[in-house]
Amino acid sequence: MNAFESPTLDKRSGHIGKRQTRVEDDALLRGQGRYGDDLATPPGTLHAAVLRSPHAHARLTSLDVSRALAMPGVHGVLTGDDVKRWAQPFPVGVRQPMDHWCVAVDKVRYVGEPVAVVIAENRYLAEDALEGVCVGYEPLPVAVDTEAAIADGAVILHEAVGANVVNDRRFCYGDPQTAFDTAERRVSLKVRFPRSSCTPIECYFVLAQYDVASGGYDVTSNFQGPFALHSVMTRALKVPGNLLRLRTPPDSGGSFGIKQGVFPYVVMMGLAARKVGAPVKWVEDRLEHLQASSSSTNRVTEVEAAVTHDGRVTALRLDQLDDCGAYLRAPEPATFYRMHGNLTGAYAIRHLEVRNRVVMTNKTPTGLNRGFGGPQVYFALERLMQRIATELDLDPLEVIRRNLIPSGSFPYRAAAGALLDSGDYPKAVALGIEEGGLAELLERRKAARRAGRLYGIGYTVAVEPSISNMGYITTAMTPEERRKAGPKNGAVSTATISVGPLGDISAHVSSTPQGQGHRTVVAQVIAEVLGVPLESISVNVELDTGKDAWSIASGNYSSRFSGAVAGAVYNAALKIKQRLAVIAAEQWGVDAERVRFGEGRVFVDGGDASASFHRIAGATHWSPGTLPESESGGLRETAFWTPPELVAPDDNDLINSSLCYGFIFDYCGVEIDRITGAVRIDRYVTLHDAGRMLNPDLVDGQVRGGFAQGLGVALMEEFAYGDDGSFISGTFADYLVPTAVEVPEPLILHMETPSPFTPLGAKGVGEGNNMSTPVCVANGVADALGIKDIELPLTPSKVRTLMGFDEPPRPEGVGEEVAKQTPGGSLLTASDSVEIPGTPRQVFDNLLDPDTLAAIIPGCHALELTGENAYRADVTVGVGMIRARFDARVALRDLDPPHALRLSGAGTSSMGSAEGSAKIRLTEIEGGKTRLDYDYEASVGGKVASVGGRMLQSASKMIIAQIFTRLSRHLGGAAPKASLWQRIKRLVTGKGGQS
Amino acid sequence: MHVKSDQRTRVIFTLNGRERSGHAEPRMQLSDFLRHEMGATGTHIGCEHGVCGACTVLVDGRASRACLMLAVQVHGRRLETVESLAEDGGLNDLQQAFHNHHALQCGFCTAGILMSCSEFLARVPAPTETQVRDMLSGHLCRCTGYTGIVNAVLEVAATRRQFQEGDTEQENNNV
């Protein structure tokens, strides 16, 4: 400890801990923020658009870019061949033969996987030219459901691995076997946690340049860290670390972990810039972002507890399947191990058995997402605690309280190795009960239930880890593998403070914030230590690996700012202070320990000597010759800080996966609408002990934001996939996130138990509610409905199903819907009939005539005969807001003139793929007309499929109907007469017919 | 007027009180035009399908999604973007209230929200919280949980009413 660390603060200016408004706001409120897409680009910058796979699993058979290259403004197309020549696959966190390239080289394994990158003069032209890239796919069977993917006979994504489980580890702490053998009761539960993302409103951004002279890349991206991934990028680019200069823009439009996933695009656009010899800019759009950026893992957990009759949990057994999607992208399988040390939550459970299996499926690769691993773990653990209470007929809160880590036992070494730094869990729960008004809430439930309403209360306690141990991920390896690889641990944070010639202070931190207000807090800490006005401090949070102090733990993740980064700022400020104190002390002939800082001045405690801060600091620049010998002149200090408590996992797999562990106690009252199934949050109480709060306003902001996102996961958000791997949550109209009308105001309570391990006693607080809120709401709904199996999101229709609601009979006169949708969502089938002028023979012959066919296919630009009754067509199809030009194969088969034939087609476009066939039957009817009956089946994949089944249903219906309208016209008739059924439907419903 | 798809036409309009002009192809979105042709980067693009509201601007005083309009549609019209709000170099009352209530974090959705709120407060001077939340439901904010935004709007409405009542009283006294 250095001499100036205690007493740390001379004249408490009260900056730390103050509800300080933010220095970031002014520019942002004026629209003067500088986000990636706002930055000036170098002259000659080109723009990229990414061609993505419409298939969840397919072999690439051909790739022809010639047509694209001939299109206006196109400078080049980056393909898998270029990538193979210049780059290599991303390193993977487990030892398995899995190749993940930034552009697909042999196979595609998820819908949205990049297949080629078109680089053109502007974004519009680049997107146009996506249509000109012709890709041959040989579709393969898919593995979409996590459990199905590990079953016998499932298709293997990475053949060289030989299985879809790419990492399987078992852990045993204490003696769980004996505990289970002798358990008075056992309670078990199986839960599935869905995929979601916090969907920042700004999507990914990359601006890349390649310097042919040095062979280096210079990339600006709204990457959020961890900068350990810088090494992953340089390995992929095959350059030393100093030849990838990675920079971040001054502002970032949210991330919540998700912008970790931009790193493959940093590599991709670097290569694109190399391909065209010009700077390349890429701004991801929302459809790409939802479909293919990143998400949390979805997880299947079987959890079992050994329990005493009074609800005390003696042992826990967890069998977890974490679905990481199609590739194990760094830092996965971190979602598992981020929580590993504290898997027993806030409970004193000494015996623990865990099996963790990492599963590959044909879905988008996963990555950081606020809460990272926490929502999955607590959903299982806290649902289990609620089940224990239910099965043992105990009060759920009482079960929680009986199992809490007792007061006075901190720091507490949890079963799997987490060293829970500080806290008083029973006291916090008591405080939450008291100040949150639980007694009244219980009364409300009583009253609601008396009135016959569906009302429930949910409880959750959670330990919120922050400042992750960079070595926790190696827990995925066996102790032997770790010994070979060498230990990994720690979490280095950095801060630099410079004082200019006029005493002006500039600070830099490598925490790449995305809205949390780091600049404000950094200024607060420096103002406090150096006794200068907050306004005089300028804080820069751009990170430039080419010239800033940074390390692998740099970046914005694991809620590491307030504990680690603000701590490093504090340490750097202390270094500056110490130097200035020595300078002042020598000038005044006093002992340095008597020098104090405050109100912009440096002075002697109990003495007369005093000078302005800028005079003392300025001397380091203007008159270094007058300074003590220890002084080298200039005034700039960088502090690196890493906590000694973060050691590598040991041979028994004990891992202190994080440095700090905050505590959360949440409870809520929920009411369920009996008719709609809608869940209404009547009250939500959330208590946080995040150690010392540096700025309570910002803490509350984090809690509110996390709560809203947690509520979204509980009630509406899910990245859903069809059985064929198609992505069906592809727009903000399909992937619903909470708006102001859905988010109630939570009651936020605080307790402050400083962390003994961070310089300022602060812990992270940004992710807690993402961990606690989903399961708290689920527990409320379980209580309201008295049911065991709860699956998120609790949408009204799902809740109605849970309630065992019988659908009322169809009103009389309303016919059955013609079209039936399969559960996969993308296979559309329907049948209909139309009347067409002309005999069956005329109709039949016309259908076989290429000119007729070209004329009746809507949006057909060209039709070229490729064989007998087989054609290649160039067709533009629009569904909703998406329009795509399809390269289609059309064929007429099963000819039975003039009675029947089959019209089939398959096409691909940059927007996705489609295929379908229609069985057509012709019957002569009176008046020289023909009734044409058709049954069709169509399936779509890719971006087109993501617009949602309902829209596709009506669109395909319309397109098919158009074909026959045109056929009818072509035969000299008017639009075909609606079928009898359609006419009846129109009479009954007032609509129907040609839609 | 028939315009070819790759032909750029001149768009003349009023942007934040000044006449501006630029060239746009018929298919160019207003959001892209404002940001990349006019340099008005305060208007942000969050979804390009009309849901998130980040790109909301005022077109002839009506809050509109710039991502759902074409640049050529604003020819001859009056546009206001977030850059128009600050007054005399300082933040206006709504911006100041956002600052005071911690109603923004990353700030990316904020520009659009400010524009919707500006139009709303002019139309609905005495809103209830429910009305404010209903208006805000046209915007997605992923950082704040909306609390600060709701409080800021309600406070501005109340303050503006007070001022107006003060003015009215003043006028009455003068009479």
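Residues numbered from 1 in each chain as written. Chains lettered and ligands numbered in written order. Predicted model: local features only at pLDDT ≥ 70, side-chain atom pairs only at ≥ 80, totals over all residues. Heavy atoms only, no water.

### Some details on the overall build of chain A
When helices and strands are counted, chain A shows 25 helices and 37 strands. Expected size for 995 residues packed as a compact globule is a radius of gyration near 30 Å; at 32 Å, chain A falls within 12% of this value. Expressed along its principal axes, the backbone C-alpha trace of chain A runs to roughly 115 × 75 × 55 Å. Relative to its 995 residues, chain A shows a buried fraction of 62%. (Helix = DSSP H or I, 4+ residues; strand = E, 2+ residues; numbered from the N terminus. Rg over C-alpha atoms; globule rule 2.2 N^0.38 Å. Buried < 20%, exposed > 50% of the residue type's maximum accessible area, 1.4 Å probe, protein only.)

### Description of the overall build of chain B
When you go through chain B residue by residue, the secondary structure sums to five helices and five strands. Secondary structure elements of chain B, listed N to C terminal, follow the sequence β-β-α-β-β-β-α-α-α-α. Viewed in the frame of its principal axes, chain B has a C-alpha envelope of about 60 × 45 × 25 Å. Counting the 175 residues in chain B, one finds 54% classified as buried. Of the accessible surface of chain B, which amounts to about 7900 Å², a share of 44% is contributed by carbon and sulfur atoms. Mean positive and mean negative side-chain charge positions of chain B (16 and 20 charges, respectively) differ by 9 Å. (Areas by Shrake-Rupley, 256 points an atom, 1.4 Å probe, with all protein chains shown as cover. Lys, Arg positive; Asp, Glu negative; His and termini not counted. Charge placed at Lys NZ, Arg CZ, Asp CG, Glu CD.)

### So, the interface of chain A and chain B
Listed as interface residues are 51 residues of chain A and, on the opposing side, 47 residues of chain B. Buried area between chain A and chain B, summed over both chains or domains, comes out near 4000 Å², and the portion from carbon and sulfur atoms is 58%. In terms of surface lost to chain B, no three residues of chain A exceed A:Leu29, A:Tyr124 and A:Ile201, which account for 21% of the buried area on that side. Between chain A and chain B we count four salt bridges in total. A salt bridge links B:Arg35 to A:Asp38; the shortest N-O distance between them is 2.7 Å. One can count 28 residue pairs in polar contact (both at pLDDT 80 or more) joining chain A with chain B. Elements with a contribution of two residues or more to the side of chain A that touches chain B: helix 1 (25-29), helix 4 (123-130), helix 9 (286-292) and helix 19 (696-715) of chain A. Looking at the side of chain A that touches chain B element by element, the count peaks at eight residues for helix 19 of chain A. Classifying every residue of the side of chain A that touches chain B gives 20 nonpolar, 16 polar and 15 charged. (Contact = heavy atoms within 4.5 Å. Buried area = accessible area lost by both parts, 1.4 Å probe. Salt bridge = Lys/Arg side-chain N within 4 Å of Asp/Glu carboxyl O. Polar contact = N/O pair within 3.5 Å; in protein donor to acceptor, adjacent residues only side chain to side chain. Nonpolar A, V, L, I, M, F, W, Y, C, P; charged D, E, K, R; others polar.)

### As for helix 17 (residues 561-588) of chain A
Since one α-helical turn is 3.6 residues long, residues separated by three or four positions face the same way. Residues and elements named next belong to chain A. When the terminal C-alpha atoms of helix 17 are compared, their 38 Å separation across 28 residues agrees well with the 40 Å that a helix rising 1.5 Å per residue should span. Counting buried residues in helix 17 gives 22 out of 28 residues, a clear majority hidden from the surface. Among the residues trailing helix 17, Gly589 stands out with phi positive, at a value near 65°. (Expected span 1.5 Å × (residues − 1).)

### Focus: the packing of helix 7 (residues 228-237) of chain A against helix 8 (residues 263-276) of chain A
All names here are of chain A. Orientation of helix 7 relative to helix 8, taken along the N-to-C sense of each, is 35°, at an axis distance of 10 Å. Regarding helix 7 and helix 8, the two cross each other, and that crossing is right-handed. Two secondary-structure elements touch here, helix 7 through Leu229, Val232, Met233, Ala236 and Leu237 and helix 8 through Phe263, Val266, Val267 and Leu271. For the contact of helix 7 with helix 8, the class distribution of residues is nine nonpolar, no polar and no charged. (Axes fitted to C-alpha atoms, helices over the stretch in contact; angles between N-to-C directions. Left-handed = near helix turned anticlockwise from the far one by under 90°.)

### Focus on the domain arrangement of chain B
In many analyses, interface size is given as the accessible surface area lost on bringing the parts together. Residues and elements named next belong to chain B. Domain annotation for chain B reports domain 1 (9-84) and domain 2 (93-174). When each unit is reduced to the centre of its C-alpha atoms, the spacing between domain 1 and domain 2 is 23 Å. Between domain 1 and domain 2, the residue contacts involve 19 residues of the former and 13 residues of the latter. Interface area, domain 1 with domain 2, both sides summed: about 1100 Å², of which 62% is carbon and sulfur. (Domains from an automatic or database assignment.)

### Overview of the sheet that holds strand 6 (residues 134-139) of chain A
All names here are of chain A. Overall, antiparallel pairing links the three strands, which are arranged 4-2-6 in an open sheet. Each end of this open sheet is capped by a strand with a single partner; those strands are strand 4 (107-108) and strand 6. Where strand 2 (residues 58-64) meets strand 4, two bridges bridge the pair, whose relative direction is antiparallel. Looking at strand 4, one finds that Arg59 is bridged to Lys107. (Pairing = 2+ DSSP bridges.)

### Quick notes on helix 8 of chain A
Residue and element names in this part refer to chain A. A rise of 1.5 Å per residue sets the reference length of helix 8, with its 14 residues, at 20 Å; its end C-alpha atoms lie 20 Å apart and thus fit the reference within 8%. Burial analysis of helix 8 places twelve of its 14 residues in the buried class, the great majority of the element. Those residues of helix 8 not exposed but buried are Phe263, Pro264, Tyr265, Val266, Val267, Met268, Met269, Gly270, Leu271, Ala272, Ala273 and Val276. Directly after helix 8, the chain includes Gly277, whose backbone phi takes a positive value near 65°.

### Brief notes about the side chain of A:Ser293
Residues and elements named next belong to chain A. Within the secondary structure, Ser293 sits in the loop between helix 9 and strand 13 (298-307). A distance of 2.6 Å separates a polar atom in the side chain of Ser293 from the backbone oxygen of His289. Not counting residues up to four positions away in its chain, the partners in contact with Ser293 are Tyr204, Ile258, Glu284, Glu288, Arg329, Thr364 and Pro365.

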